[in-house]
Amino acid sequence: MTAFSSEATVYGIVLVSALIAVGWEYDTDLEVLVFIIATTLIFWITHVYARTVAVHQDNGDDPADVPVHTALGEAIRHSAGMLLAMLLPAVFLVLAAVHVLDEYVAYYIALWVSIGMLAVVGYVAALRRRRPLWRRILSGLVTGILGLVVVGLGILAH
């Protein structure tokens, strides 16, 4: 699935992680969940719009524009990873909202899941390039560390 390893997925994971890291101290678990869903949807719509405009106007050497419906379909497929990135962390926030998990446990799990997802994206990217196992693991570690840094910066900023 290319949607999982696109740059939109990385943006989505980093966005959701930062929102969780910022929101968990100030809002209830349900408020954080709603905030994450709404913010991710807004960023996704913006990303789809920007990608549609870019694809619609970029048809290589052919002076004819790509039809809008074709550009929109490509933009939605390309940006799907941003929505996918929100799903798994949101599951744990839902579990907190319905009192299955303690809210702080849910926040930490959601953050660690997000960092793990970044590591998987790095691993999969190296796998698709047919890199040796050690490079796949290194790629996963580097993207996972990137996730830790981003979450840490989000917490420090607030």
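Further up the page is the structure itself.
Residues numbered from 1 in each chain as written. Predicted model: local features only at pLDDT ≥ 70, side-chain atom pairs only at ≥ 80, totals over all residues. Heavy atoms only, no water.

Enquirer: Let's hear about the overall build of the protein chain: which residues, and what values?
Expert: Scanning the protein chain from terminus to terminus reveals five helices and zero strands. Going from the N terminus to the C terminus, the protein chain shows its helices and strands as α-α-α-α-α. Sequence separation of 24 or more characterises 69% of the internal contacts of the protein chain that already satisfy a separation of 6 or more. Total accessible area on the protein chain is roughly 9000 Å²; 71% of this is exposed by carbon and sulfur atoms. (Helix = DSSP H or I, 4+ residues; strand = E, 2+ residues; numbered from the N terminus. Contact = heavy atoms within 4.5 Å. Areas by Shrake-Rupley, 256 points an atom, 1.4 Å probe, with all protein chains shown as cover.)

Enquirer: Go over the side chain of Thr 39 with me, naming the residues and quoting the values.
Expert: Along the chain, Thr 39 falls in helix H2 (residues 29–56). Residue Thr 39 is classed as buried on the basis of its relative accessible area, which comes to 12%. Side-chain polar atoms of Thr 39 contact the backbone oxygen of Phe 35, separated by 2.7 Å. In contact with Thr 39, not counting residues within four places along its chain, are Leu 15 and Leu 19. (Buried < 20%, exposed > 50% of the residue type's maximum accessible area, 1.4 Å probe, protein only. Polar contact = N/O pair within 3.5 Å; in protein donor to acceptor, adjacent residues only side chain to side chain.)

Enquirer: Residues and numbers for the side chain of Thr 52, please.
Expert: Inspection of the secondary structure assignment puts Thr 52 in helix H2. By relative accessible area, which is 10% here, Thr 52 ends up buried. For Thr 52, the residues in contact, after removing those within four places along its chain, are Val 68, Ala 71, Leu 72 and Ala 75.

Enquirer: Any chance you could break down the pattern of salt bridges for me, citing the residues and the numbers?
Expert: Per the stated rule, a full pass over the model turns up one salt bridge. We note a salt bridge from Arg 51 to Glu 74, for which the minimum N-O separation is 3.0 Å. With a gap of 23 residues between them, Arg 51 in helix H2 and Glu 74 in helix H3 (residues 68–97) connect regions that are remote in the sequence. Classification of Arg 51 as partly exposed rests on a relative accessible area of 28%. Glu 74 sits in the partly exposed class, given a relative accessible area of 23%. (Salt bridge = Lys/Arg side-chain N within 4 Å of Asp/Glu carboxyl O.)

Enquirer: Requested: an account of the packing of aromatic side chains, with residues and values cited.
Expert: All told, the structure shown has one aromatic pair when counted by the stated rule. Between the aromatic rings of Tyr 104 and Tyr 107, the centroid separation amounts to 6.0 Å while the plane-to-plane angle is 75 degrees, which identifies the pairing as edge-to-face. Taken together, the residues span about one helical turn, with Tyr 104 and Tyr 107 both in helix H4 (residues 103–128) at a distance of three residues. Residue Tyr 104 is classed as partly exposed on the basis of its relative accessible area of 38%. (Phe/Tyr/Trp six-rings, centres within 6.5 Å; stacked < 30°, edge-to-face > 60°.)

Enquirer: I'd like to hear about the packing of helix H1 (residues 7–23) against H3, residue by residue, with values.
Expert: It is at 6 Å that the axes of H1 and H3 come closest, and there the two elements cross at 35 degrees. Our pair here, H1 against H3, has a crossing hand that is right-handed. Mapping the contact onto sequence places Glu 7, Ala 8, Thr 9, Tyr 11, Gly 12, Ile 13, Val 16 and Ile 20 in H1 and His 78, Ser 79, Gly 81, Met 82, Ala 85, Met 86, Pro 89 and Leu 93 in H3. Taken together, the residues of the contact of H1 with H3 break down into 10 nonpolar, five polar and one charged. (Axes fitted to C-alpha atoms, helices over the stretch in contact; angles between N-to-C directions. Left-handed = near helix turned anticlockwise from the far one by under 90°. Nonpolar A, V, L, I, M, F, W, Y, C, P; charged D, E, K, R; others polar.)

Enquirer: Quick rundown of a nonpolar patch on the surface? Include the residues and the values.
Expert: Among the surface-exposed residues, Tyr 104, Tyr 108, Trp 112, Leu 133, Ile 137, Leu 141, Ile 145, Leu 148, Val 149, Leu 153 and Leu 156 lie close enough to one another that they form a single nonpolar patch of about 1200 Å² accessible area. Elements that contribute at least two residues to the nonpolar patch include exactly H4 and helix H5 (133–157). Relative to the assigned elements, Ile 137 resides in helix H5. (Patch = residues over 30% accessible without salt bridge, like charges linked within 9 Å, V, L, I, M, F, W, Y side chains within 5 Å.)

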